[in-house]
Amino acid sequence: AYPLFRYDPEAGADVRQAISLDGNPARAQDWPTYQLAYVDEGGEKATMDLPMTFADFALTEGRFRKHFRKAPRDAWNDDMVPLAEFIELDLSEREGCFPYIWAVDAKNHLMRVLVSAELVASTEERRDYWRLLESMTGREKGIDLSQVISDTRAETVRAITAGLMNLAAGGEAGAAAAGLPLPEPLAAAEPATAQTPAADASAGGFEPVWIETSECTSCDECVELNPNIFAYDENTQAYVKDPKGGPFADIVKAAEKCTAGVIHPGTPSNSNEKDLEKLIQRAAKYQ
(Lines give C-alpha, C1' and ligand atoms only; values in the text may rest on other atoms or scores of the structure.)
Protein backbone atom coordinates (compact mmCIF):
# COMPACT_ATOMS: atom_id res chain seq x y z
CA ALA A 1 0.00 0.00 0.00
CA TYR A 2 2.72 2.45 0.98
CA PRO A 3 6.15 1.50 -0.43
CA LEU A 4 9.25 2.73 1.35
CA PHE A 5 11.31 4.97 -0.97
CA ARG A 6 14.63 6.60 -0.14
CA TYR A 7 16.67 9.10 -2.14
CA ASP A 8 20.21 9.76 -0.97
CA PRO A 9 22.04 12.29 -3.21
CA GLU A 10 25.36 11.29 -1.64
CA ALA A 11 24.99 7.61 -2.56
CA GLY A 12 26.27 8.13 -6.10
CA ALA A 13 26.26 10.35 -9.16
CA ASP A 14 23.82 8.08 -10.99
CA VAL A 15 20.17 8.46 -9.97
CA ARG A 16 19.83 4.67 -9.78
CA GLN A 17 22.59 4.59 -7.17
CA ALA A 18 20.91 7.34 -5.17
CA ILE A 19 17.51 5.60 -5.05
CA SER A 20 16.85 2.74 -2.66
CA LEU A 21 13.81 0.52 -2.03
CA ASP A 22 15.51 -1.42 0.78
CA GLY A 23 13.16 -2.24 3.63
CA ASN A 24 10.22 -3.24 1.43
CA PRO A 25 9.17 -6.90 1.66
CA ALA A 26 9.36 -9.27 -1.32
CA ARG A 27 11.52 -7.01 -3.47
CA ALA A 28 11.43 -9.37 -6.48
CA GLN A 29 7.62 -9.69 -6.49
CA ASP A 30 4.62 -7.43 -7.09
CA TRP A 31 3.16 -8.40 -3.72
CA PRO A 32 4.54 -9.77 -0.45
CA THR A 33 2.98 -13.04 0.67
CA TYR A 34 1.29 -14.10 3.88
CA GLN A 35 0.02 -17.38 5.27
CA LEU A 36 -3.72 -17.78 5.80
CA ALA A 37 -4.60 -20.39 8.43
CA TYR A 38 -8.02 -22.04 8.17
CA VAL A 39 -10.01 -25.20 8.95
CA ASP A 40 -10.80 -27.36 5.90
CA GLU A 41 -14.04 -29.21 5.16
CA GLY A 42 -12.77 -32.24 7.06
CA GLY A 43 -12.15 -30.19 10.20
CA GLU A 44 -8.36 -30.30 9.78
CA LYS A 45 -6.11 -27.28 10.18
CA ALA A 46 -4.54 -26.08 6.94
CA THR A 47 -2.74 -23.06 5.50
CA MET A 48 -2.43 -21.24 2.18
CA ASP A 49 0.35 -18.92 1.01
CA LEU A 50 -1.32 -15.91 -0.59
CA PRO A 51 -0.29 -12.57 -2.10
CA MET A 52 -0.96 -9.59 0.17
CA THR A 53 -2.55 -7.32 -2.42
CA PHE A 54 -3.88 -3.86 -1.71
CA ALA A 55 -7.36 -5.40 -1.45
CA ASP A 56 -6.18 -7.92 1.18
CA PHE A 57 -4.90 -4.95 3.20
CA ALA A 58 -8.17 -3.04 2.64
CA LEU A 59 -10.19 -5.97 3.96
CA THR A 60 -8.64 -5.35 7.39
CA GLU A 61 -9.81 -1.70 7.34
CA GLY A 62 -13.42 -0.96 8.28
CA ARG A 63 -13.53 2.11 6.01
CA PHE A 64 -13.37 -0.14 2.93
CA ARG A 65 -16.14 -2.51 4.02
CA LYS A 66 -18.61 -1.41 1.33
CA HIS A 67 -16.21 -2.61 -1.36
CA PHE A 68 -16.49 -6.30 -0.37
CA ARG A 69 -19.22 -8.90 -0.61
CA LYS A 70 -19.06 -12.48 0.65
CA ALA A 71 -19.82 -15.11 -2.00
CA PRO A 72 -21.94 -18.00 -0.65
CA ARG A 73 -20.11 -21.32 -0.99
CA ASP A 74 -22.84 -22.79 -3.18
CA ALA A 75 -22.30 -19.90 -5.60
CA TRP A 76 -18.59 -20.58 -6.11
CA ASN A 77 -17.78 -21.23 -9.77
CA ASP A 78 -14.94 -21.17 -12.31
CA ASP A 79 -15.76 -17.60 -13.34
CA MET A 80 -14.38 -16.41 -10.00
CA VAL A 81 -10.71 -15.45 -10.33
CA PRO A 82 -8.26 -14.54 -7.53
CA LEU A 83 -7.66 -10.79 -7.66
CA ALA A 84 -3.88 -11.05 -8.15
CA GLU A 85 -4.53 -13.15 -11.27
CA PHE A 86 -7.50 -11.07 -12.43
CA ILE A 87 -5.51 -7.82 -12.72
CA GLU A 88 -2.95 -9.56 -14.94
CA LEU A 89 -5.66 -10.41 -17.51
CA ASP A 90 -6.33 -8.28 -20.59
CA LEU A 91 -9.56 -6.30 -20.46
CA SER A 92 -11.12 -8.63 -23.02
CA GLU A 93 -10.26 -11.66 -20.86
CA ARG A 94 -11.90 -10.15 -17.78
CA GLU A 95 -15.39 -10.23 -19.21
CA GLY A 96 -17.61 -12.58 -17.25
CA CYS A 97 -15.01 -12.99 -14.49
CA PHE A 98 -15.45 -11.99 -10.85
CA PRO A 99 -12.34 -11.04 -8.82
CA TYR A 100 -12.12 -12.24 -5.24
CA ILE A 101 -9.70 -12.64 -2.34
CA TRP A 102 -9.57 -15.38 0.28
CA ALA A 103 -10.55 -14.82 3.90
CA VAL A 104 -11.93 -16.83 6.83
CA ASP A 105 -15.24 -16.55 8.67
CA ALA A 106 -15.92 -16.65 12.41
CA LYS A 107 -15.47 -20.44 12.41
CA ASN A 108 -12.16 -20.13 10.56
CA HIS A 109 -13.62 -21.66 7.40
CA LEU A 110 -12.51 -20.39 4.01
CA MET A 111 -14.64 -17.84 2.24
CA ARG A 112 -14.36 -15.99 -1.04
CA VAL A 113 -14.83 -12.24 -0.82
CA LEU A 114 -15.78 -10.48 -4.04
CA VAL A 115 -14.04 -7.17 -4.71
CA SER A 116 -15.60 -3.99 -6.12
CA ALA A 117 -14.46 -2.40 -9.38
CA GLU A 118 -13.10 0.59 -7.44
CA LEU A 119 -10.91 -1.61 -5.31
CA VAL A 120 -9.71 -3.55 -8.37
CA ALA A 121 -8.61 -0.22 -9.88
CA SER A 122 -6.85 0.77 -6.64
CA THR A 123 -5.03 -2.56 -6.53
CA GLU A 124 -3.87 -2.11 -10.12
CA GLU A 125 -2.70 1.42 -9.35
CA ARG A 126 -0.65 0.23 -6.36
CA ARG A 127 0.90 -2.57 -8.43
CA ASP A 128 1.79 -0.19 -11.26
CA TYR A 129 3.26 2.32 -8.82
CA TRP A 130 5.49 -0.37 -7.32
CA ARG A 131 6.64 -1.40 -10.80
CA LEU A 132 7.41 2.24 -11.57
CA LEU A 133 9.61 2.50 -8.49
CA GLU A 134 11.35 -0.75 -9.43
CA SER A 135 12.05 0.54 -12.94
CA MET A 136 13.53 3.78 -11.52
CA THR A 137 16.08 1.79 -9.55
CA GLY A 138 16.97 -0.31 -12.59
CA ARG A 139 15.67 -3.44 -10.87
CA GLU A 140 12.51 -4.27 -12.77
CA LYS A 141 10.37 -7.26 -11.84
CA GLY A 142 12.44 -10.42 -11.73
CA ILE A 143 15.69 -8.65 -12.74
CA ASP A 144 18.70 -7.98 -10.54
CA LEU A 145 20.97 -5.79 -12.69
CA SER A 146 24.00 -6.19 -10.46
CA GLN A 147 23.68 -9.96 -10.76
CA VAL A 148 23.24 -9.70 -14.54
CA ILE A 149 26.43 -7.61 -14.75
CA SER A 150 28.32 -10.08 -12.55
CA ASP A 151 27.09 -13.07 -14.57
CA THR A 152 27.95 -11.35 -17.85
CA ARG A 153 31.49 -10.59 -16.71
CA ALA A 154 32.00 -14.13 -15.49
CA GLU A 155 30.66 -15.53 -18.76
CA THR A 156 33.01 -13.24 -20.72
CA VAL A 157 35.98 -14.52 -18.71
CA ARG A 158 34.94 -18.12 -19.38
CA ALA A 159 34.52 -17.40 -23.10
CA ILE A 160 37.96 -15.78 -23.36
CA THR A 161 39.56 -18.70 -21.51
CA ALA A 162 37.80 -21.22 -23.74
CA GLY A 163 39.00 -19.31 -26.80
CA LEU A 164 42.59 -19.34 -25.56
CA MET A 165 42.40 -23.06 -24.82
CA ASN A 166 41.03 -23.75 -28.31
CA LEU A 167 43.80 -21.63 -29.71
CA ALA A 168 46.32 -23.68 -27.74
CA ALA A 169 44.83 -26.88 -29.11
CA GLY A 170 45.45 -25.54 -32.60
CA GLY A 171 49.13 -25.02 -31.86
CA GLU A 172 51.39 -22.27 -33.11
CA ALA A 173 49.88 -22.45 -36.57
CA GLY A 174 46.46 -21.56 -35.16
CA ALA A 175 47.94 -18.68 -33.20
CA ALA A 176 49.72 -17.35 -36.21
CA ALA A 177 46.54 -17.59 -38.29
CA ALA A 178 44.70 -15.58 -35.66
CA GLY A 179 47.50 -13.01 -35.55
CA LEU A 180 48.13 -13.69 -31.85
CA PRO A 181 51.24 -14.80 -29.98
CA LEU A 182 50.93 -18.13 -28.21
CA PRO A 183 50.93 -17.55 -24.42
CA GLU A 184 53.62 -19.46 -22.50
CA PRO A 185 52.63 -21.38 -20.53
CA LEU A 186 49.09 -21.10 -21.93
CA ALA A 187 47.61 -23.53 -19.38
CA ALA A 188 48.17 -20.90 -16.67
CA ALA A 189 45.25 -18.92 -18.07
CA GLU A 190 42.66 -21.41 -16.81
CA PRO A 191 43.14 -21.32 -13.02
CA ALA A 192 43.41 -17.52 -13.16
CA THR A 193 39.67 -17.27 -13.95
CA ALA A 194 38.79 -18.62 -10.52
CA GLN A 195 40.37 -15.52 -8.98
CA THR A 196 38.52 -13.06 -11.22
CA PRO A 197 36.63 -10.69 -8.87
CA ALA A 198 33.63 -10.54 -11.19
CA ALA A 199 33.15 -14.32 -11.18
CA ASP A 200 30.52 -16.02 -9.02
CA ALA A 201 31.34 -15.41 -5.37
CA SER A 202 30.88 -19.12 -4.73
CA ALA A 203 34.22 -19.67 -6.44
CA GLY A 204 35.82 -17.59 -3.69
CA GLY A 205 34.41 -19.63 -0.83
CA PHE A 206 30.78 -18.58 -0.64
CA GLU A 207 29.22 -19.62 2.68
CA PRO A 208 25.41 -19.59 2.54
CA VAL A 209 23.24 -18.24 5.32
CA TRP A 210 22.05 -20.92 7.77
CA ILE A 211 19.53 -21.14 10.60
CA GLU A 212 19.39 -23.11 13.82
CA THR A 213 15.87 -24.17 12.89
CA SER A 214 15.21 -26.14 16.07
CA GLU A 215 15.75 -22.95 18.12
CA CYS A 216 13.48 -20.75 15.98
CA THR A 217 10.70 -18.97 17.94
CA SER A 218 8.52 -18.24 14.87
CA CYS A 219 8.77 -14.48 15.30
CA ASP A 220 7.97 -13.94 11.55
CA GLU A 221 10.74 -11.34 11.12
CA CYS A 222 12.81 -13.19 8.50
CA VAL A 223 9.94 -14.71 6.47
CA GLU A 224 8.20 -11.35 6.26
CA LEU A 225 11.43 -9.54 5.34
CA ASN A 226 12.19 -11.82 2.39
CA PRO A 227 10.07 -14.95 1.78
CA ASN A 228 12.29 -15.87 -1.18
CA ILE A 229 15.20 -16.52 1.19
CA PHE A 230 13.41 -17.69 4.33
CA ALA A 231 10.34 -19.88 4.87
CA TYR A 232 8.60 -21.88 7.57
CA ASP A 233 8.65 -25.66 7.74
CA GLU A 234 5.73 -27.85 8.85
CA ASN A 235 6.51 -26.95 12.47
CA THR A 236 6.37 -23.21 11.72
CA GLN A 237 10.09 -22.85 12.28
CA ALA A 238 12.26 -20.96 9.86
CA TYR A 239 14.70 -22.52 7.42
CA VAL A 240 16.70 -21.20 4.46
CA LYS A 241 14.59 -21.66 1.34
CA ASP A 242 17.17 -20.18 -1.06
CA PRO A 243 20.42 -18.58 0.19
CA LYS A 244 20.64 -16.64 -3.09
CA GLY A 245 16.97 -15.65 -3.13
CA GLY A 246 17.67 -12.01 -2.35
CA PRO A 247 20.33 -9.43 -1.44
CA PHE A 248 22.82 -9.99 1.36
CA ALA A 249 21.37 -6.84 2.95
CA ASP A 250 18.11 -8.70 3.62
CA ILE A 251 20.02 -11.59 5.20
CA VAL A 252 21.91 -9.25 7.51
CA LYS A 253 18.72 -7.40 8.48
CA ALA A 254 17.02 -10.73 9.22
CA ALA A 255 19.88 -11.73 11.52
CA GLU A 256 19.66 -8.37 13.30
CA LYS A 257 15.88 -8.65 13.74
CA CYS A 258 15.82 -12.33 14.76
CA THR A 259 14.58 -12.42 18.36
CA ALA A 260 16.18 -15.82 18.98
CA GLY A 261 19.51 -14.94 17.38
CA VAL A 262 19.56 -18.15 15.29
CA ILE A 263 20.29 -16.68 11.85
CA HIS A 264 23.93 -16.82 10.73
CA PRO A 265 24.45 -14.69 7.60
CA GLY A 266 27.46 -16.46 6.07
CA THR A 267 29.01 -14.51 3.20
CA PRO A 268 27.49 -12.56 0.28
CA SER A 269 26.88 -14.40 -3.00
CA ASN A 270 27.05 -11.20 -5.05
CA SER A 271 30.37 -9.38 -4.81
CA ASN A 272 28.89 -6.30 -6.52
CA GLU A 273 26.18 -5.60 -3.95
CA LYS A 274 25.99 -2.03 -2.68
CA ASP A 275 27.70 -1.17 0.66
CA LEU A 276 29.08 -4.71 0.90
CA GLU A 277 31.91 -3.91 3.33
CA LYS A 278 29.48 -2.35 5.81
CA LEU A 279 27.12 -5.32 5.47
CA ILE A 280 29.94 -7.80 6.12
CA GLN A 281 30.95 -5.85 9.24
CA ARG A 282 27.34 -5.90 10.51
CA ALA A 283 27.06 -9.62 9.77
CA ALA A 284 30.24 -10.53 11.66
CA LYS A 285 28.61 -10.51 15.11
CA TYR A 286 26.01 -13.08 14.02
CA GLN A 287 28.33 -15.63 12.37
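Residues numbered from 1 in each chain as written. Predicted model: local features only at pLDDT ≥ 70, side-chain atom pairs only at ≥ 80, totals over all residues. Heavy atoms only, no water.

The next point concerns the environment of methionine 52. Within the secondary structure layout, methionine 52 lies in the loop between β4 (45-51) and α2 (54-58). In this structure methionine 52 comes out as partly exposed when scored by relative accessible area, which is 29%. In this structure, the C-alpha to C-alpha distance between methionine 52 and threonine 33, residues 19 residues apart in sequence, is 5.3 Å. Those residues in contact with methionine 52, other than ones at most four positions away along the chain, are Trp31, Pro32, Thr33, Tyr34 and Phe57. (Helix = DSSP H or I, 4+ residues; strand = E, 2+ residues; numbered from the N terminus. Buried < 20%, exposed > 50% of the residue type's maximum accessible area, 1.4 Å probe, protein only. Contact = heavy atoms within 4.5 Å.)

All right, on to the nonpolar core then. Counting 22 residues, the largest nonpolar core has Cys222, Phe230, Phe248 and Ile263 as the members making the most contacts within it. Breaking this core down by element, the ones donating at least two residues are α9 (221-225), β10 (230-232), α10 (248-257) and α11 (276-283). Looking at this core, the element that brings in the most residues is α10, giving 6 residues. Aside from chain neighbours lying at most four places away, what touches phenylalanine 230 is Val209, Ile211, Cys222, Val223, Tyr239, Lys241, Ile251, Ala254 and Ile263. (Core = buried A, V, L, I, M, F, W, Y, C linked by side-chain atoms within 4.5 Å.)

Strand order in this open sheet of 4 strands is β5-β8-β7-β6, and the pairing throughout is mixed. Taken across any chain shown, the strands that pair with only one partner, and hence form the sheet edges, are β5 (68-71) and β6 (80-82). Averaged over all pairs of adjacent strands, the angle between their axes in this sheet comes to 50 degrees, without regard to strand direction. Here β5 pairs with strand β8 (residues 110-115) via 4 bridges, running antiparallel. Paired with alanine 71 across the strands is arginine 112, a residue of β8. (Pairing = 2+ DSSP bridges. Axes fitted to C-alpha atoms, helices over the stretch in contact; angles between N-to-C directions.)

The next point concerns the pairing of strand β3 (residues 33-39). With 7 bridges joining them, β3 and β4 adopt antiparallel strand pairing. Its bridge partner being in β4, valine 39 is matched across the sheet by lysine 45. What sits between the antiparallel neighbours β3 and β4 is a turn of 5 residues, in which glycine 43 has the positive phi angle 85 degrees.

Within the element layout of this structure, arginine 69 appears in strand β5. Given a relative accessible area of 55%, arginine 69 falls into the exposed group. Taking the C-alpha atoms as reference points, arginine 69 and tyrosine 100, 31 residues apart in sequence, are found 9.1 Å from one another. When neighbours within four sequence positions are excluded, arginine 69 is seen to be in contact with Arg112, Val113 and Leu114.

Once that is clear, we can look at the state of the cysteines. Two cysteines, two sulfur atoms, one covalent bond between them: this is a disulfide. On inspection of all chains with the given rule, the structure shows 0 disulfides. Not part of a disulfide, cysteine 216 finds its nearest cysteine sulfur in cysteine 222, a span of 6.2 Å. On the basis of relative accessibility, which here comes to 13%, the residue cysteine 216 falls in the buried class. Unpaired in terms of disulfides, cysteine 258 finds its nearest cysteine sulfur in cysteine 219, a separation of 5.3 Å. On the basis of relative accessibility, which here comes to 15%, the residue cysteine 258 falls in the buried class. (Disulfide = S-S within 2.5 Å.)

We now examine α11. Residues Leu276, Leu279 and Ala283 constitute the buried set of α11. End-on, the buried residues of α11 take up no more than an arc of 60 degrees, which puts them together on one face. With respect to the buried face of α11, the exposed residues turned more than 90 degrees away are Glu277, Lys278 and Gln281. Tucked into the core, α11 has its buried residues touching α10. (Arc of directions from axis to C-beta.)

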